[in-house]
Amino acid sequence: MTIFPRSTQVPIPHKHKKILYHTGFLLLATMVLFTPLLANAADLFAGARAQINESTNSSSTLWFAVTVAGLAGAALTGFLTKNWPLAIGGFFAGIIFMRAAAAVIGLA
């Protein structure tokens, strides 16, 4: 036994559906166009930039820990799947990604 009747939705006529789709698209396009105006935020970490660079450069403990974790993941993948080329390639891809990402965000 149901509480609501079987057809509770009111059908929208075809011409109104088209207007609703166009209105929704225009609203979305307007939001996308004006989003860059909201991105004028100040750098929250400007005062600590030198400390962040020292903590995350390629000779830091954090970089070493991430490298060891990637190496452990590659070893685990190699042992479990017996696919050593994939494991070694995944490790090198991770290292290349870390270098590229550090260069993009200004840590290298």
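Residues numbered from 1 in each chain as written. Predicted model: local features only at pLDDT ≥ 70, side-chain atom pairs only at ≥ 80, totals over all residues. Heavy atoms only, no water.

Enquirer: Break down the overall build of the chain for me, with residues and values.
Expert: Scanning the chain from N- to C-terminus turns up four helices and zero strands. Counting across all 108 residues of the chain, residues that qualify as buried make up 8%. Within the chain, counting contacts between residues at least 6 apart in sequence, those at least 24 apart form 40% of the total. (Helix = DSSP H or I, 4+ residues; strand = E, 2+ residues; numbered from the N terminus. Buried < 20%, exposed > 50% of the residue type's maximum accessible area, 1.4 Å probe, protein only. Contact = heavy atoms within 4.5 Å.)

Enquirer: Now, about the side chain of S60: what can you tell me, with residues and values included?
Expert: Considering the arrangement of structural elements, one finds S60 in the loop between α2 (49-56) and α3 (61-81). Excluding its chain neighbours within four sequence positions, the residues that come into contact with S60 are E54 and S55.

Enquirer: Report on the packing of α3 against helix α4 (residues 84-105), specifying residues and quantitative values.
Expert: Between α3 and α4, whose axes approach to 7 Å, the crossing angle comes to 160°. Regarding the angle of α3 to α4, the classification is roughly antiparallel. The two elements α3 and α4 cross, and the hand of that crossing is right-handed. Counted together, W63, V66, T67, G70, L71, A74, A75, T77, G78 and F79 of α3 and W84, A87, F91, I95, M98, R99 and A102 of α4 form the full contact between these two elements. Residue composition of the contact of α3 with α4, by class: 12 nonpolar, four polar and one charged. (Axes fitted to C-alpha atoms, helices over the stretch in contact; angles between N-to-C directions. Parallel < 35°, antiparallel > 145°, perpendicular 65-115°, else oblique. Left-handed = near helix turned anticlockwise from the far one by under 90°. Nonpolar A, V, L, I, M, F, W, Y, C, P; charged D, E, K, R; others polar.)

Enquirer: Before we move on, could you go through unusual backbone geometry and cite the residues and values that matter?
Expert: Phi angles above zero are rare outside glycine, and K82 is one such case at about 60°. Position of K82 among the secondary structure elements: in the loop between α3 and α4.

Enquirer: Outline the packing of aromatic side chains, listing residues and values.
Expert: Taken as a whole and assessed by the stated rule, the structure comprises two aromatic pairs. Aromatic side chains F79 and W84 sit 5.1 Å apart centroid to centroid with 85° between the ring planes, which places their arrangement in the edge-to-face category. (Phe/Tyr/Trp six-rings, centres within 6.5 Å; stacked < 30°, edge-to-face > 60°.)

Enquirer: Outline a nonpolar patch on the surface, supporting the account with residue identities and numerical values.
Expert: A cluster of nonpolar residues, L27, L28, M31 and V32, forms a patch on the protein surface that exposes about 410 Å² of accessible area. Mapped onto the fold, L28 is located in helix α1 (residues 14-34). (Patch = residues over 30% accessible without salt bridge, like charges linked within 9 Å, V, L, I, M, F, W, Y side chains within 5 Å. Areas by Shrake-Rupley, 256 points an atom, 1.4 Å probe, with all protein chains shown as cover. Salt bridge = Lys/Arg side-chain N within 4 Å of Asp/Glu carboxyl O.)

Enquirer: Tell me what's going on with the confidence of the model for the chain, and back it up with residues and numbers.
Expert: When pLDDT is averaged along the chain, the result is 82; 85% of the residues meet or exceed 70. Of all helices and strands in the chain, the one with the weakest mean pLDDT is α2 (77), whereas α3 scores best (91). (pLDDT = per-residue confidence, 0-100.)

Enquirer: How would you explain the environment of A50 if you had to name every residue and give the values?
Expert: With respect to the helices and strands, the residue A50 is situated in helix α2. On the accessibility criterion, A50 (52% relative accessible area) is exposed. Spatially, the C-alpha atom of A50 lies 9.7 Å from that of L107, the residues being 57 residues apart in sequence.

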